[in-house]
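# Descriptive analysis of the structure
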Amino acid sequence: MTRQRSRQSSLPWPMLALAGVSVAFFALPFAGLIWRAPWSKVTDILSEKSVGTALWLSLETSLITALISCIFGVPLAWLLARVNFPGRSFVRALATLSMVLPPVVGGVALFFSFGRRGLFGQYLNDWFGIRLPFTTAGVVIAQCFVAMPFLVLTVEAAIRQLDSRYEDAARTLGASRLYVFRRITLPSIKPALVAGVALAWARALGEFGATITFAGNLPGTTQTMPLATYLALESDPEAALILSLLMITVSFVVLVGLRDRWLGHQRNDLVS
Amino acid sequence: MRRLASLVMIPLLGLTFAGCASSDDTTTSLRIAATSSLTEVFNDIGEQFMQDNPDITIAFNFASSSDLALQISQGLPADVFASADVKNMAKVTDAGLLHGQPITFATNSLEIVVEKGNPLFIDSLAQLATPGLLFVTCPIEVPIGGYTAEVLRNAGVTVTVASLEENVKGILTKVALGEADAGIVYRTDILAAGNSVTGVPIADNINVNPLYVVGVLQDSRNQDASQRFIIFLNSEQGQKIFSQFGFGPA
């Protein structure tokens, strides 16, 4: 504790000043929303059934996205960090491409691949009668496409920074690669994994462009909170403000909660 | 380092030129905020207008009428506002941001948009109610969504909606890609989309004719040039360009 305090007091003031500007920059837009929000109408707007439907759909799809990103993203991150194979940097660039793509373009690309006339989607449609556009599954596909890279990049960086000697030692003692990953790699990267899941989840929760392009917008099926909010901006700007604040509150509570619950403990463990 | 310097210099140069243009008394720069459905026709109109009025240069800002109405109320710097419907113009007029009254300068009509070649052989509004048909439109608040509801009501047809798109372009994209089967859009959009989609006309007695309205904004410092632009829209020359793009007379 004492060591931490002395470190704090010796922080150079230009760094503090710049950090303060950053905090203000992030805080002011939210302050603006809070300032403009029509507080007298909050209960009316929030009690509308459509709001609950959109919020529930958002939570449901973004959590499924976080789970899927975890299941597929962690092995990919491990592959990129630990296995040296030809074309690795190409695969890494491919996996992160959707981060730089404008989401609407991503949505159109999803049409060309998973749509009813898409490269892969046409067979889904013809052989199994599965259609992804305009369905809740389509929302999850769009969210995964945009959000999973955040988890992959975070986890990959963590695995790279890990001292590989522990893994090597376990391997020489006869542990299988999978066992080493499960018992040594995974526990060591827990903070990064939690951060990656949180990032991917947050990105999925706020996803707009790819969703409205690929999955469309229909209340109860594909209309998530960002879509409901954006469309409310056209008809009822006051409702849009309240919806934005609701989304911010939900994300804020989850992100802060996650951090304290998972990363807080982890940090203490390391110190002691 | 030199690269960096030139990167910084380019925007700076831009600023200097912009500064010159606005301080120069010989040419007036008109900023026109217009609904995105006017993009193609206004680019032609603007070219013709600038040819006839060498002392005026025009810069267009195209977005949806509702977005523009919102931006104008938040202080968007513009001289003229052209809206695809009376309702969004009223938002600006009611806020006291318009100088004088809005003027109608063009009309449009609706058509059913289907995939290129009309593979499902859709030839009437009634067919849009076919079970399993993927019909896309916009929310009622977006002009085209309201008009679609009106036309379907006129025809006595109830449809199942697969998606409520954010604007006309969303409907066109999904139909052009073959992901949706049909939608209802402006006739001019189908003309502008060229070969990528097919249009199916709607009978005149059930069709609607949206009005396009224009007005000069209160804060404009170019009232005179703005008025000249609006007069040009309703001139014989202007109306000829509108009809080339499929718009009806005011």
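Computed from a predicted structure; not experimentally measured.

### A few points about the overall build of chain B
Helix and strand counts for chain B stand at nine helices and 10 strands. With the C-alpha coordinates of chain B rotated into their principal frame, the extents come out at 60 × 50 × 35 Å. Taken across its 250 residues, chain B has 41% of its residues classed as buried. The contacts in chain B between residues at least 6 apart in sequence include a share of 79% that link residues at least 24 apart.

### With respect to the overall build of chain A
When you go through chain A residue by residue, the secondary structure sums to 14 helices and zero strands. The helix and strand sequence of chain A, counted from the amino end, reads α-α-α-α-α-α-α-α-α-α-α-α-α-α. For the C-alpha atoms alone, the extent of chain A along its principal axes is close to 60 × 60 × 30 Å. The proportion of buried residues among the 272 residues of chain A is 32%. Considering only intrachain contacts with a sequence separation of at least 6, the fraction spanning at least 24 residues in chain A is 76%.

### Overview of the domain arrangement of chain B
Reports often express the size of an interface as the amount of accessible area lost when the parts come together. All names here are of chain B. According to the domain assignment, chain B consists of domain 1 (21-107 + 210-244) and domain 2 (110-201). Computed from C-alpha coordinates alone, the two centres of domain 1 and domain 2 are separated by 28 Å. Each partner contributes residues to the interface: domain 1 has eight residues there, and domain 2 has nine residues. Residues of the side of domain 1 that touches domain 2, tallied by class, amount to two nonpolar, four polar and two charged.

### Remarks on the interface of chain A and chain B
Listed as interface residues are 15 residues of chain A and, on the opposing side, 15 residues of chain B. Here the element with the most residues in the side of chain A that touches chain B is helix 13 (residues 225-235) of chain A; it accounts for four residues. A per-class count over the side of chain A that touches chain B returns seven nonpolar, five polar and three charged.

### What to know about the confidence of the model for chain B
Residues and elements named next belong to chain B. Chain-level statistics for chain B give a pLDDT mean of 88 and a share of 90% at 70 or above. Within the model, pLDDT remains below 50 along residues 1-24, and this stretch shows three contacts once partners closer than five positions in the same chain are excluded. Confidence metrics for the complex model read pTM 0.77 and ipTM 0.73.

### Digging into helix 2 (residues 39-52) of chain B
Residue and element names in this part refer to chain B. Taking 1.5 Å as the rise per residue, helix 2 with 14 residues should run 20 Å; its terminal C-alpha atoms sit 20 Å apart, in good agreement. Within helix 2, the full set of buried residues consists of V41, F42, I45, G46 and F49. Taken down its axis, helix 2 places every buried residue within 135° of arc, on the same side. Along helix 2, the residues that are exposed and aim more than 90 degrees away from the buried face are E47 and Q51. Elements in contact with the buried residues of helix 2: strand 1 (28-35), strand 2 (56-63), helix 8 (223-233) and helix 9 (236-244).

### Details of the sheet that holds strand 9 (residues 197-201) of chain B
All names here are of chain B. An order of 7-6-8-5-9 is seen for the five strands of this open sheet, with the pairing classed as mixed. In this open sheet, the two edge strands, each paired with only one partner strand, are strand 7 (161-164) and strand 9. Strand-to-strand twist in this sheet, taken as the mean axis angle between neighbours without regard to direction, amounts to 35°. The pairing of strand 6 (residues 135-137) with strand 8 (residues 182-186) spans two bridges and is classified as parallel. The residue of strand 8 that forms the bridge with V136 is G183. With respect to the sheet, helix 5 (residues 143-155) is in contact with strand 5 (110-115), strand 6 and strand 8, its orientation differing from that of strand 8 by roughly 110°. Of the strands in this sheet, strand 5, strand 6, strand 8 and strand 9 are in contact with helix 6 (residues 168-176), which crosses strand 8 at around 140°.

### A closer look at the environment of P54 of chain B
With respect to the secondary-structure elements, P54 of chain B resides in the loop between helix 2 and strand 2. When the C-alpha atoms of P54 of chain B and F229 of chain B are compared, they prove to be 13 Å apart, with 175 residues separating the residues in sequence.

### Thoughts on the confidence of the model for chain A
The pLDDT averaged across chain A works out to 88; a share of 92% of its residues lies at or above 70. Confidence over residues 266-272 of chain A falls short of pLDDT 50; this stretch has two contacts with residues more than four positions distant or in other chains.

### Examining the packing of helix 4 (residues 49-82) of chain A against helix 11 (residues 190-206) of chain A
All names here are of chain A. It is the contact of helix 4 with helix 11, at a shortest axis distance of 9 Å, that shows an interaxial angle of 140°. When the axis of helix 4 is compared with that of helix 11, the two are oblique. The way helix 4 lies across helix 11 gives a crossing that is right-handed. Only L193, V197, A200, W201, A204 and L205 of helix 11 make contact with helix 4, whose side of the interface consists of S58, S62, L63, T65, A66, S69, C70 and V74. Per-class residue counts for the contact of helix 4 with helix 11 are 10 nonpolar, four polar and no charged.

### Points about the packing of helix 8 (residues 136-161) of chain A against helix 11 of chain A
Residue and element names in this part refer to chain A. One way to put it is that helix 8 packs onto helix 11 with a least axis distance of 8 Å and a crossing angle of 160°. Comparing their axes, helix 11 and helix 8 come out roughly antiparallel. Both helix 8 and helix 11 take part in a crossing whose hand is right-handed. Residues Q143, V146, A147, M148, F150, L151, T154, V155, A157 and A158 of helix 8 form the contact with helix 11, whose own contacting residues are A192, L193, A195, G196, V197, L199, A200, R203 and A204.

### Description of unusual backbone geometry
Residue and element names in this part refer to chain B. You will see that N118, though not glycine, has its phi angle at about 50°, which is positive. The phi dihedral of F121 is positive, around 50°, even though this residue is not glycine. Along the chain, F121 turns up in the loop between strand 5 and strand 6.

### Some words on the nonpolar core
A general trend in soluble globular proteins is that nonpolar side chains are found buried together. The biggest cluster of nonpolar side chains holds 70 residues, and the ones touching the most others in it are I141, A142, V155 and A200 of chain A together with V113, A182 and V185 of chain B. Counting residues per element, this core draws most heavily on helix 8 of chain A, which supplies 16 residues. Residues within four places of V185 of chain B in sequence aside, it is in contact with L110, E111, V113, I144, V168, I171, L172 and I190 of chain B. Counting residues in hydrophobic clusters, the runner-up holds 34 residues, among them L30, F49, A225 and F242 of chain B.

Reading the values: the criteria
Residues numbered from 1 in each chain as written. Chains lettered and ligands numbered in written order. Predicted model: local features only at pLDDT ≥ 70, side-chain atom pairs only at ≥ 80, totals over all residues. Helix = DSSP H or I, 4+ residues; strand = E, 2+ residues; numbered from the N terminus. Buried ≥ 20, exposed ≤ 12 C-beta atoms within 10 Å, placed from the backbone. Contact = placed C-beta atoms within 7 Å. Domains from an automatic or database assignment. Nonpolar A, V, L, I, M, F, W, Y, C, P; charged D, E, K, R; others polar. pLDDT = per-residue confidence, 0-100. Expected span 1.5 Å × (residues − 1). Arc of directions from axis to C-beta. Pairing = 2+ DSSP bridges. Axes fitted to C-alpha atoms, helices over the stretch in contact; angles between N-to-C directions. Parallel < 35°, antiparallel > 145°, perpendicular 65-115°, else oblique. Left-handed = near helix turned anticlockwise from the far one by under 90°. Core = buried A, V, L, I, M, F, W, Y, C linked by C-beta atoms within 7 Å.

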